Amino acid sequence: MSDPESSETRLRTTFNIKVNGKPTAISTVGQAYQFLSSLNSVEWMEFKSQHDEAMALLQAAADNAIMAIQATNAVRTLFVNAKLL
């Protein structure tokens, strides 16, 4: 199993979000995985099932780049529902 935090696999899009007023660009599996794991679980509690799905798909995409499409869609859904996009 690859380390998802260091994965350079590209997502199908670049997510441009603002965190604490600072713009952040997320374009790789590793960046998305780091962002989603850096916040504590209480902050994602409302979106737990979507967060868990996104994390699982990011881990899968780190091992198999074909999964990048599904991982991108899961991250997009999570970000939209969390009103980050």
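Provided above is the structure to which this section pertains.
Just so you know, these numbers come straight off a predicted model, no measurement behind them.

**What to know about helix α2 (residues 48–63)**
Turning to step 1, where the next piece is worked out: Here α2 contains 16 residues, and its C-alpha end-to-end distance of 23 Å stays within 8% of the 22 Å for a straight helix at 1.5 Å per residue.
Turning to step 2, where the next piece is worked out: Taken together, the buried positions of α2 are occupied by H51, A54, M55, L57, L58, A61 and A62.
Turning to step 3, where the next piece is worked out: Packed against the buried residues of α2 are β1 (10–19), α1 (29–38) and α3 (68–81).

**Notes on the packing of aromatic side chains**
Aromatic rings considered in pairs are described by the distance between their centres and by the relative angle of their planes.
Turning to step 1, where the next piece is worked out: Counted by the stated rule, this structure contains two aromatic pairs.
Turning to step 2, where the next piece is worked out: Members of the aromatic cluster, each reached through a chain of ring pairs, are F15, F35 and F79.

**Topic: α3**
Turning to step 1, where the next piece is worked out: Here α3 spans 20 Å end to end across 14 residues, near enough to the 20 Å set by a 1.5 Å rise per residue.
Turning to step 2, where the next piece is worked out: Of all the residues in α3, the buried ones are A68, A71, T72, A74, V75, L78 and F79. Down the axis of α3, the buried set is contained in an arc of 165°. They therefore lie on one face.
Turning to step 3, where the next piece is worked out: In this structure, the buried residues of α3 make contact with β1, β2 (22–28), α1 and α2.

What counts and how
- Residues numbered from 1 in each chain as written.
- Predicted model: local features only at pLDDT ≥ 70, side-chain atom pairs only at ≥ 80, totals over all residues.
- Heavy atoms only, no water.
- Helix = DSSP H or I, 4+ residues; strand = E, 2+ residues; numbered from the N terminus.
- Expected span 1.5 Å × (residues − 1).
- Buried < 20%, exposed > 50% of the residue type's maximum accessible area, 1.4 Å probe, protein only.
- Contact = heavy atoms within 4.5 Å.
- Phe/Tyr/Trp six-rings, centres within 6.5 Å; stacked < 30°, edge-to-face > 60°.
- Arc of directions from axis to C-beta.

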